[in-house]
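# Chain and residue survey
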Amino acid sequence: MVVLVVSLGFIQFAAAQQVDFAFGASAVSSTSAANAGFDYTPQSIGGGTFLGFSGDFLLRHNFGVQGELNWRAGRNYYFGFQPFRPLFWDFNAIWAPKISKRASAELLGGIGAESVRFYQGFETCSGFGCTDYTSLNHFMGDVGGGLKLYVTPHIFVRPEARLYLVRNNFEFSSGKIGRYGVSIGYTFGGSQ
């Protein structure tokens, strides 16, 4: 009897869950190189197209956890000669209240890292494999939001914005970086 009650409770709990996955494109902006602060290098991290994946798991009352990874699609050049590519990854708490049957908001905040890969033009090998870059990693906090607009009961388009606050981002013109874009995704479970 106890197993039956627990099983029914678990089924009801699982049915109330919602999982979303999305792929998107965005742009990144930051302080221009000409306006770099005294403690920062006059090199902007902004520009170019960024691609990314995100996913969230809503646990209860539209609260849950979310994670994402965004990277610059093409390499940029540090001071005009050193190829580099920034990546941003983060884990967040998310609140996603429903606005209507076909729309819901997303507000989130959390922590993660900026990882900048500087390409060397030659490979360095270790016991774990070979790479042609070195990485500089910085801790960051992030806040942001989006608006999920459902085109079907499960497929959505989401305009979104993020503010990354990168600690000790001295290689670039600022520690404040904005990302603005749109994602297309799919919702599993939940009720729309």
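Source: prediction; values computed, not measured.

With the rule as written, the count across this model stands at one disulfide. Note on cysteine connectivity: Cys125 is disulfide-linked to Cys130, with sulfurs 2.0 Å apart. Residues Cys125 and Cys130 are joined by a disulfide whose S-S torsion is about 105°; by sign, that bridge is right-handed. Taking the relative accessible area as the measure of exposure, Cys130 reaches 42% and is therefore partly exposed.

Another point: empty space enclosed by the protein. On inspection of all chains with the given rule, the structure shows one cavity of 30 Å³ or more. Considering only enclosed or pocket space, the largest cavity measures out at about 50 Å³ in volume. Residue lining of the largest cavity: 13 residues in total, with Gly24, Gly52, Asn70, Glu160 and Ser183 positioned closest to the centre. Elements represented by at least two residues in the lining of the largest cavity include exactly strand 1 (18-30), strand 2 (49-60), strand 3 (63-72), strand 9 (155-166) and strand 10 (176-189). Among the elements that make up the lining of the largest cavity, the one with the highest residue count is strand 1 (four residues). Partitioning the lining of the largest cavity into residue classes produces three nonpolar, six polar and four charged.

Attention shifts here to the pairing of strand 5 (residues 82-95). Here strand 3 pairs with strand 5 via nine bridges, running antiparallel. When the bridges of strand 5 are listed, Val65 appears paired with Ala93. When strand 5 meets strand 7 (residues 103-126), the two strands line up antiparallel, connected through 12 bridges. If you follow Phe91 over to strand 7, its bridge partner there is Ile111.

Glancing now at the pairing of strand 7. Pairing of strand 6 (residues 98-100) with strand 7 involves two bridges; the strand directions are antiparallel. Looking at strand 7, one finds that Ser100 is bridged to Ala103. Remark: two residues form the turn of the hairpin made by strand 6 and strand 7, two consecutive strands paired antiparallel. Taken together, the 20 bridges between strand 7 and strand 8 (residues 129-150) define a ladder with antiparallel strand orientation. By the bridge assignment, Ser126 is partnered in strand 8 with Gly129.

The tally for this structure, following the rule as stated, stands at 17 aromatic pairs. Ring centres of Tyr78 and Phe172 lie 5.7 Å apart, and the angle between their planes is 85°; this geometry places the pair in the edge-to-face category. Here Tyr78, found in strand 4 (residues 76-78), pairs with Phe172, found in the loop between strand 9 and strand 10; they are 94 residues apart in sequence, far enough to count as distant. As far as the burial class goes, Tyr78 and Phe172 line up, both buried. With 4.7 Å between their ring centres and 10° between their planes, Phe88 and Tyr164 make a pair best called stacked. In this pair, Phe88 sits in strand 5 while Tyr164 sits in strand 9, placing the two residues 76 residues apart along the sequence.

What counts as what
Residues numbered from 1 in each chain as written. Predicted model: local features only at pLDDT ≥ 70, side-chain atom pairs only at ≥ 80, totals over all residues. Heavy atoms only, no water. Disulfide = S-S within 2.5 Å. Buried < 20%, exposed > 50% of the residue type's maximum accessible area, 1.4 Å probe, protein only. 1 Å grid on protein atoms, 1.4 Å probe; cavity = no way out; pocket = protein on both sides within 12 Å on 5 of 7 lines; lining within 4 Å. Points joined across faces, edges and corners; volume = space filled by probe spheres on them. Helix = DSSP H or I, 4+ residues; strand = E, 2+ residues; numbered from the N terminus. Nonpolar A, V, L, I, M, F, W, Y, C, P; charged D, E, K, R; others polar. Pairing = 2+ DSSP bridges. Phe/Tyr/Trp six-rings, centres within 6.5 Å; stacked < 30°, edge-to-face > 60°.

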